[in-house]
Each structure stands twice: as C-alpha cells, then as structure tokens.
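Coordinates in review
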Amino acid sequence: MLDFVTEKQTVWEYLSRTNKPILLYGMGDGADKILRVFAEYGITCSGIFASDEFVRGHSFRGFRVMTYAQACEAYPDCIVVLAFAAFTDELRGKICRIAQERELYAPDVPVVGTELFTREYLHEKEASLQEVYHLLADEQSKRVFANVVNFKLSGKINYLEEITTPVSEVYRDILTPEPSEVYLDLGAYNGDTVREFLSYAPDCERIVAAEPDIKNYRKLQKFIEDNHLKQVETRNIGVWDSAGTIPFERRAGRNSAISSTAKTEVAVDSIDGMLAGGRVTTIKMDVEGAERQAISGGRKTLRQYAPKLNIAAYHRTSDFFELPLLIKDFNPDYQIYLRHHPYIPAWETNLYAKVCR
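Described below are features of the structure shown in this document. Computed from a predicted model, the values in this text were never measured in an experiment.

Structural notes on the side chain of Ser-296
- Looking at where Ser-296 falls in the secondary structure, it is placed in helix H13 (residues 291–296).
- Note on Ser-296: relative accessible area 17%, which makes it buried.
- Polar side-chain contacts of Ser-296 include one of 3.0 Å to the backbone oxygen of Arg-292.
- Ignoring anything within four residues of it in the chain, the contact list for Ser-296 reads Asp-241, Leu-326 and Phe-330.

Observations concerning the sheet that holds strand S2 (residues 47–49)
- Spatial ordering of the open sheet is given by S3-S4-S2-S1-S5-S6, a layout of six strands whose pairing is mixed. Where the open sheet ends on each side, the last strands, each with one partner, are strand S3 (59–60) and strand S6 (103–105).
- Looking at chain direction, strand S1 (residues 22–25) and strand S5 (residues 79–82) are connected through four bridges and run parallel. By the bridge assignment for S5, Leu-23 is matched with Val-80.
- This element, helix H2 (residues 29–41), spans S1, S3 and S5 of the sheet and lies at about 155 degrees to S1.

Quick word on the pattern of salt bridges
- Per the counting criterion, the structure on display carries 20 salt bridges.
- A salt bridge links Asp-89 to Arg-92; the nearest nitrogen and oxygen atoms lie 3.2 Å apart. Of this pair, Asp-89 and Arg-92 are both found in helix H4 (residues 89–101), three residues apart, which corresponds to roughly one turn of the helix.
- Exposure remark for Arg-92: the relative accessible area of 10% places this residue in the buried category.

So, the packing of helix H6 (residues 126–135) against helix H15 (residues 319–330)
- Contact geometry for H6 and H15: axes closest at 9 Å, N-to-C directions at 65 degrees. In terms of their interaxial angle, H6 and H15 are classed as roughly perpendicular. The crossing of H6 and H15 is left-handed. Residues Ser-128, Leu-129, Glu-131, Val-132 and Leu-135 of H6 touch H15, and the partners they reach there are Phe-320, Phe-321, Pro-324, Leu-325 and Lys-328.

A short note on the pairing of strand S8 (residues 206–210)
- Counting buried positions over the five residues of S8 gives four, a clear majority of the element.
- Relative to S8, strand S7 (residues 182–186) runs parallel, the two sharing five bridges. Counterpart to Leu-184 in the pairing with S8 is Val-208.
- Handedness of the β-α-β unit built from S7, helix H10 (residues 192–200) and S8 comes out right-handed.
- Relative to strand S9 (residues 232–235), S8 is paired through four bridges, and the arrangement is parallel. When the bridges of S9 are listed, Ala-210 appears paired with Arg-235.
- Between S8 and its parallel partner S9, the chain crosses via helix H11 (residues 214–226), and the hand of that crossover is right-handed.

As for the layout of surface pockets
- What the second largest pocket holds in volume is close to 260 Å³.
- Lining the second largest pocket we find 17 residues, and of these Glu-178, Thr-281, Ala-306, Lys-308 and Arg-357 sit closest to its centre.
- Of the residues assigned to the lining of the second largest pocket, the class counts are eight nonpolar, three polar and six charged.

Observations regarding the sheet that holds strand S17 (residues 349–354)
- The strand order S9-S8-S7-S14-S15-S17-S16 describes an open sheet built from seven strands, whose pairing is mixed. Unpaired on one side and paired on the other, S9 and strand S16 (335–340) mark the two borders of the sheet. The sheet shows a mean angle of 15 degrees between the axes of neighbouring strands, taken without regard to direction.
- Packed on one face of the sheet, H10 meets S7, S8, S9 and strand S14 (282–285) and runs near 155 degrees to S7.

As for empty space enclosed by the protein
- Considering all chains together, one arrives at three cavities of 30 Å³ or more under this definition.
- Roughly 50 Å³ of volume is contained in the second largest cavity.
- Grouping the constituent residues of the lining of the second largest cavity by class yields six nonpolar, one polar and two charged.

About the criteria used
- Counting from 1, residues in each chain are numbered in the order their sequence is written.
- Since the coordinates come from a predicted model, pLDDT governs what is reported: local features require at least 70, and pairs of side-chain atoms require 80 or more to be given and counted, while whole-chain, interface and lining totals use all residues.
- Only hydrogens and water are set aside; all other atoms, that is, all heavy atoms of the structure, feed into the side-chain values.
- Helical segments are the DSSP runs of H or I of at least four residues, strand segments are the runs of E of at least two, and each set is numbered from the N terminus.
- Using a 1.4 Å probe on the protein chains alone, a residue whose accessible area is under 20% of its type maximum counts as buried, one over 50% counts as exposed, and one in between counts as partly exposed.
- Definition of a polar contact: a pair of N or O atoms within 3.5 Å, with one able to donate and the other able to accept a hydrogen when the atoms are protein atoms, and with sequence-neighbouring residues admitted only if both atoms are side-chain atoms.
- Two residues form a contact once any of their heavy atoms are found within 4.5 Å.
- The pairing criterion for strands is at least two bridges between them, as found by DSSP.
- Here an axis means a line fitted to C-alpha atoms, over the contact stretch when the element is a helix, while the angle between two N-to-C directions is reported on a 0 to 180 degree scale.
- One side-chain nitrogen of Lys or Arg within 4 Å of one carboxyl oxygen of Asp or Glu is enough to make a salt bridge.
- Angular relationships are summarised with four words: roughly parallel below 35 degrees, roughly antiparallel beyond 145, roughly perpendicular across 65 to 115, and oblique for the angles in between.
- Note on convention: the crossing is left-handed when the near helix lies turned anticlockwise from the far helix by less than a right angle, right-handed when the turn is clockwise.
- The definition of a right-handed crossover adopted here requires that, viewed with the strands pointing away, the path from the first strand over the helix to the second runs clockwise.
- Using a 1 Å grid laid over the protein atoms alone, points where a 1.4 Å probe fits but cannot get out form a cavity; open sets with protein on both sides within 12 Å along at least 5 of 7 lines form a pocket; any residue with an atom within 4 Å of a point counts as lining.
- Grid points are joined across faces, edges and corners, and a volume is the space filled by probe spheres set on the points.
- In the scheme used here, Gly and all other residues not listed as nonpolar or charged are polar, with Ala, Val, Leu, Ile, Met, Phe, Trp, Tyr, Cys and Pro taken as nonpolar and Asp, Glu, Lys and Arg as charged.

Such coordinate-based values are descriptive only and should not be taken to indicate function.
Written as structure tokens, this is what we have:
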C-alpha cells in the first residue's frame, strides 16, 4: 500500500469526464503528444492558445492559435492544459498566475517513450515504488518522490512547486566537491554543466566532457577553448552499455537522442570503457533516455571508485524509481537522494547518489 499516494484519479480520467472546454497552452512536440493521448481517452480539445509573443494569426493542428486574453474571452470557464516545459522564473511565474485564474493541469507525458503513469501502471509498479521510497536517504527525497508520483497522476503543478529546490543546495549538502575532483560529464551539451561544476569545484583535477551531437560538440569545444580550460578533455561520443555505433537522431539544442528510427549513427562507449580503469569522483549524466544503459556500462567504476552521481531521472516514466534500484544493485553502499529543481513539468527531477566514507 502506497500511503503517500493521495490522488484517486488520473488527469486523463478527469479530463475525459469534465463538461468544461479544454484548451491547450502551447504548440509543438508537447502538444502533439498530449493530443495523441486525448485521442486515446476520447478527450476533446476546444482550442489552443500561446504566449502573446508567439501568436501571429497562424494555426496549429487545425486550430487558430489564440492569445491568452482571446482564449479567456472565448472560453471564460475553461480548463487549461499545459503543453510545453518551463524552467525560467518568469515563465513558471506566468504559468502559476494562470493556475490561480483558471483550472490548470500539466499532464505527464514522457520525454522518451509512450508509457503513461496511470492507475494501472501504479498498481503494476507498486512493489518497486515502495522499495525505492523506503531506501531514500533523507526526508526531502521522500517528499520529492511522493509529490512526483502524485503529480504524474494528477498533473497538478502545486506538487512540483512545493518540492522545488535550487541546484546550489545539492552541491552544498550532497555532492560537496573537493579540490581533487575528476569529473565525467555525459551529455555535456555546449559546456553549461562543465561551467556549473567549475563554479563549485574551481580547482578540480580533470574533466572529461562527452557530447554526441556534432553541433553541440563544436559549441562545447569553443567554450573550452575560449575559457582556456586546459583540464577539460572533450569527446564527440555518446554513452551506452558497450562500445560501438548506434542510431542517433540529431535535433535542435538538447533534444538530440538515441533513436531506433534515426538514419545517422554515432560512436558510443561505456563509462568503464571511457575511463579505462581510471579514477573518477563525480559522474553527471543527462543522456536523453539512455541513463539505464549508461549506468549498466559503468558497473565496474561504480563498484571500484563509488563516484558521486548526478543523473537525470525524468526522461522515461520509470526512471525515478528504476534507476535507484539499478545503482543499488551495482553498489549497495550508495545513499540515494532525489531533488526537483525549477521546472514544470517534472523535468529536472534528478537522482543524486554518494557513498559516505
């Protein structure tokens, strides 16, 4: 029995039964995913609106895109369904203000895959969810875990706002960098997480930054060169559970990812292979749904060096509870933490792990 689950129905069930008009806020891939689930549940979308700066009299999926003011005038008693992700204070603040004025939900649709967090899914995964909840290392992790579960069921953003904490708290209380750090950055993008790590560990000994997307990799290299970061080694490579090449979909920005339908391939290696037995003290991975394979390819490293871990736990529906179990299986000495950083929906829900020596 999952005592921390307070929501009795899913957002999809609620929306399928309401008589109120339902408006999507946002366009693009997120809206397409939600509309596909609407079709499965027989949910009717009455219209679409966007932030004022994105409204140019155009249409999306057969709907004329409205401003928020136009949407409120046309549908005064509507339900708003958020169809994009927001991390800036300004945009999150705008969403929270709309939530005060209208009934608003941010349905959980996975970044990777199609598996939804339904009541049936909750029942199927109950044993694993219960196990992870009880193994978490502190009360804040348990609050994050409980609220993420209730958010995934309900789409209510207050569950996320209640548990949002800054990244600085993690570096202060969990990761606590030391001068002799050797940092492995998997999914280094344009160097932003190298910059972040150096802001907390300016005297680190060595950084290996891996990024598979060639456009992002060139930006990463430029950042390293412009800032004269001689302790940073860059690799144009992805991470997997073994060395080889795999299909890779190149998309804009951070969205490039491994995909079975991609026409191009990238070179990949495992954590154990990249390090070749060398020491590492901290590993960060944000690898767009390949986290399970990345962890599996680092089992020797996790057992031998027990590096501190900073892992995205939100790309797949099961990541926030399956990844902790995988890590504990490879090294039971790890203490597991969960934190949610500023983001709507439940992206930037990260897993942190360390072994207390």
